[in-house]
Amino acid sequence: MQDFGAAFLTAFDLLIGADAALLEIIGLSLRVSITALLAAGLIGLSLGAALAVTRFPGRGFILVIVNSMMGLPPVVVGLVVYMLLSNAGPLGFLGLLYTPEAMIIAQAILILPIIAALSRQLIEDLHAEYAEQFRSFCVPTGRMMVELLWDARYSLLTVMLAGLGRAMAEVGAVIIVGGNINHLTRVMTTTIALETSKGDLALALGLGIVLLSIAIAINAGVMALNATAKRQAYA
Amino acid sequence: MRPANVVDLRGDAASDASAPGAGADLFPLVLDDVSFQAGGTVLIKGVDLTLPAQGATVIMGPNGAGKSLLLRLMHGLIAPSGGTVTWGGMPLGEAVRKRQAMVFQRPVLLRRSVAANIDFVLRLRGRADPGRRREILDHAGLAAHADQPARLLSGGEQQRLAMARALATEPDVLFMDEPTSNLDPASTLVIEEIAKAARDRGTKIIFITHDMGQARRLADDVVFVHKGKVLEHSPAETFFTQPASTEAGDYMAGKIIL
């Protein structure tokens, strides 16, 4: 119990003192996860909107696959990306293994199905409301997707947030493809895992607190934005 | 190209109500043995109907008669299970539908500002222009609300915006599916005025209403629908004084027809 209290104190010292090692780790975590989010968002939202407004044979099968992939185990994603990027793998020539880029790829793959599946559901509901009016105006399919994405923008923020949360919190994929290399691929979750096993609970706990604070801050921001949107009947 | 001012919203190009509008080539609208079924139930049965280019046609009939389906079949929102719908000999497709617009019973407004709702259709038709948007909103009495969220307008204002947005596409045909059923008398009157002005500029109006007063005020001819069939299509005067079918007579007398 003594350990716990001491660890907390040290953690706060590190935070208040803006410890360089800590900041480096936090910075990389944010860079990796936000880049992964942007990439997965670009593809996932387009895919979600396309699946929402189109009907074709095999669509149901694709929906089942996308929905199931929401629960992809991070270690499995890590393993697959590792195999693809390793020297013997088909993308080995890129030399990306054990780089932040490899971590971005792994996290993007991990959260892509979440963004695609949730946005598909959301946009399909909105489309049910707009479909007849859009058909009356002869809105082309591509245009329809853009307009629906725009009108669902506030709800989609919550979807993106779910993706970011998943990316920031996972450890299994980034530790496999990033390797947890100091000053290079060490992010918050991998550091927490490492420091805990080494017994340096203070740094681990400090990072844990930061991780939680970031999650709370982002959530609060999006909630405030959504409340404003609701007041204006835009959400 | 038809001259843009013929169906312009400004109303300074008003033409005689009896003269065919610029969209005369879309007429007559001919429904030939049109039927529609869903889930094994026949909802529209062998409808033969020819509508002229002029004036306002009202579709009347009890709930569940198939009025809304008939309107959607004419506009091409749904495809008939049998028979054909042609506009001036042209089959129903996007080319025809683009020259028409529809206002629904519950206005479907985008989750944006009033101005953005108008911009949406102007951009869609490749004519985005703030000046024109202002004119359209002025005409609908919504200029003061331009920056407000469209979905926070009152019911009457929302329907007015839906009307203005539909007319912003400069349609040759305007469909309305009970546009005033949820509105108070004052709002209803405004909608009727906008519809009348559009008709007087040559836009063909085809609309559904249960409001007998509204039908009398606006209709040039009446189509009476009952149980998926067109029982009668008469000039308004004849229909309201001497309906050809007993059902129509009973309906207007306020009797429940089965």
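As the structure is a computational prediction, the values presented were derived from the model and not from experiment.

What counts, and where the lines are drawn
- Residues numbered from 1 in each chain as written.
- Chains lettered and ligands numbered in written order.
- Predicted model: local features only at pLDDT ≥ 70, side-chain atom pairs only at ≥ 80, totals over all residues.
- Heavy atoms only, no water.
- Helix = DSSP H or I, 4+ residues; strand = E, 2+ residues; numbered from the N terminus.
- Buried < 20%, exposed > 50% of the residue type's maximum accessible area, 1.4 Å probe, protein only.
- Contact = heavy atoms within 4.5 Å.
- Areas by Shrake-Rupley, 256 points an atom, 1.4 Å probe, with all protein chains shown as cover.
- Lys, Arg positive; Asp, Glu negative; His and termini not counted.
- Charge placed at Lys NZ, Arg CZ, Asp CG, Glu CD.
- Axes fitted to C-alpha atoms, helices over the stretch in contact; angles between N-to-C directions.
- Parallel < 35°, antiparallel > 145°, perpendicular 65-115°, else oblique.
- Left-handed = near helix turned anticlockwise from the far one by under 90°.
- Core = buried A, V, L, I, M, F, W, Y, C linked by side-chain atoms within 4.5 Å.
- Pairing = 2+ DSSP bridges.
- Buried area = accessible area lost by both parts, 1.4 Å probe.
- Salt bridge = Lys/Arg side-chain N within 4 Å of Asp/Glu carboxyl O.
- Polar contact = N/O pair within 3.5 Å; in protein donor to acceptor, adjacent residues only side chain to side chain.
- Nonpolar A, V, L, I, M, F, W, Y, C, P; charged D, E, K, R; others polar.
- Phe/Tyr/Trp six-rings, centres within 6.5 Å; stacked < 30°, edge-to-face > 60°.
- Lys NZ or Arg CZ within 6 Å of the ring centre and 35° of its normal.

Engineer: Looking at this model, I keep getting lost on the overall build of chain A. Mind explaining?
Structural biologist: Of the regular secondary structure elements, chain A holds ten helices and zero strands. Classification of the 235 residues of chain A by burial places 46% in the buried group. Restricting the contact set of chain A to residue pairs at least 6 apart, pairs at least 24 apart contribute 75%. Just so you have it, chain A exposes about 11200 Å², and 73% of that area is on carbon and sulfur atoms. Taking the average place of the 12 positive charges on the side chains of chain A and the average place of its 14 negative ones, the gap between the two points comes to 11 Å.

Engineer: What should I look at first to understand the packing of helix H2 (residues 20-53) of chain A against helix H10 (residues 201-231) of chain A in this one?
Structural biologist: Axis angle and axis distance: for two packed helices, these are the angle between their axes and the distance between the axes, and together they describe the pair. All names here are of chain A. Contact pair H2 / H10: the axes reach a minimum separation of 11 Å and the direction vectors enclose 40 degrees. Relative to H10, the element H2 is oriented oblique. Pair H2 / H10 crosses with right-handed handedness. Residues Leu 22, Ile 25, Ile 26 and Leu 30 of H2 touch H10, and the partners they reach there are Leu 203, Leu 207, Val 210 and Ile 214.

Engineer: Teacher, can you tell me more about the nonpolar core here?
Structural biologist: Proteins that are soluble and globular tend to have nonpolar side chains buried together. Grouped together as the largest cluster of nonpolar side chains are 103 residues, with contacts concentrated most on A:Met188, B:Met60, B:Leu161 and B:Leu174. Per element, the largest residue contribution to this core is 13 residues, and it comes from helix H5 (residues 100-137) of chain A. Among residues more than four places away in sequence, those in contact with B:Leu174 are B:Ala101, B:Val103, B:Met163, B:Ala166, B:Leu167, B:Thr203, B:Lys204, B:Ile205 and B:Ile206. If you look at the next biggest cluster of nonpolar residues, it comprises 29 residues, including B:Leu31, B:Val85, B:Ile206 and B:Val223.

Engineer: How should the sheet that holds strand S1 (residues 29-38) of chain B be read in this particular structure?
Structural biologist: Note on sheets: strands pair through backbone hydrogen bonds, and any given pair is parallel or antiparallel. Residues and elements named next belong to chain B. Pairing in this open sheet of four strands is antiparallel, and the strands run S2-S1-S4-S5 from one edge to the other. Of all strands in the sheet, those with a lone pairing partner are strand S2 (41-51) and strand S5 (90-91), marking the two edges. When S1 meets strand S4 (residues 82-87), the two strands line up antiparallel, connected through five bridges. Looking at S4, one finds that Val 30 is bridged to Thr 86. Packed on one face of the sheet, helix H1 (residues 67-75) meets S1, S2 and S4 and runs near 60 degrees to S2.

Engineer: How should I be thinking about the interface of chain A and chain B in this particular structure?
Structural biologist: The parts lose accessible area when they come together, and the size of an interface is often stated as this lost area. Each partner contributes to the interface: chain A provides 22 residues, whereas chain B provides 29 residues. Interface area, chain A with chain B, both sides summed: about 2300 Å², of which 52% is carbon and sulfur. Applying the counting criterion to the chain A and chain B interface returns six salt bridges. As a salt-bridge pair, A:Asp151 and B:Arg112 come within 2.5 Å of each other at their nearest N and O atoms. Between chain A and chain B we count 14 residue pairs in polar contact (both at pLDDT 80 or more) in total. Looking at the side of chain A that touches chain B, the elements with two or more residues in it are H5 and helix H6 (141-151) of chain A. Per element, the largest residue contribution to the side of chain A that touches chain B is nine residues, and it comes from H5(A). Here the side of chain A that touches chain B is composed, by residue class, of eleven nonpolar, three polar and eight charged.

Engineer: I tried to follow the environment of B:Val58 on my own but got confused; where do I start?
Structural biologist: Residue and element names in this part refer to chain B. With respect to the helices, strands and loops of the structure, Val 58 is situated in strand S3 (residues 56-60). Between the alpha carbons of Val 58 and Thr 209 there is a distance of 7.1 Å; along the sequence they are 151 residues apart. Val 58 has contacts with Phe 207, Thr 209, Ala 215, Ala 219, Asp 221, Val 222 and Val 223, leaving out every residue within four places of it along the chain.

Engineer: Would you mind going over the packing of aromatic side chains with me for this structure?
Structural biologist: Describing an aromatic ring pair means giving the distance of the ring centres and the angle of the ring planes. Scanning the model with the defined rule gives eight aromatic pairs over all chains in all. Seen from their ring centres, A:Phe137 and B:Phe120 are 6.2 Å apart, and the 75 degrees between their planes marks the pair as edge-to-face. Taken together, the residues span two chains, with A:Phe137 in helix H5 and B:Phe120 in helix H3 (residues 114-124). Considered together, A:Phe137 and B:Phe120 belong to a single accessibility category, that of buried residues. Considering the side-chain rings of B:Phe224 and B:Phe239, the 6.1 Å spacing of their centres and the 35 degrees angle between planes classify their relative orientation as tilted. Of this pair, B:Phe224 sits in strand S9 (residues 221-226) while B:Phe239 sits in helix H8 (residues 236-241), and the two are 15 residues apart along the sequence. Judged by its relative accessible area of 0%, B:Phe224 is buried. A network of ring pairs unites the aromatic residues A:Tyr130, A:Phe134, A:Phe137 and B:Phe120 as a single cluster. In this structure, A:Arg153 is placed above the aromatic ring of A:Trp150, and the distance from its NZ or CZ to the ring centre is 4.2 Å.

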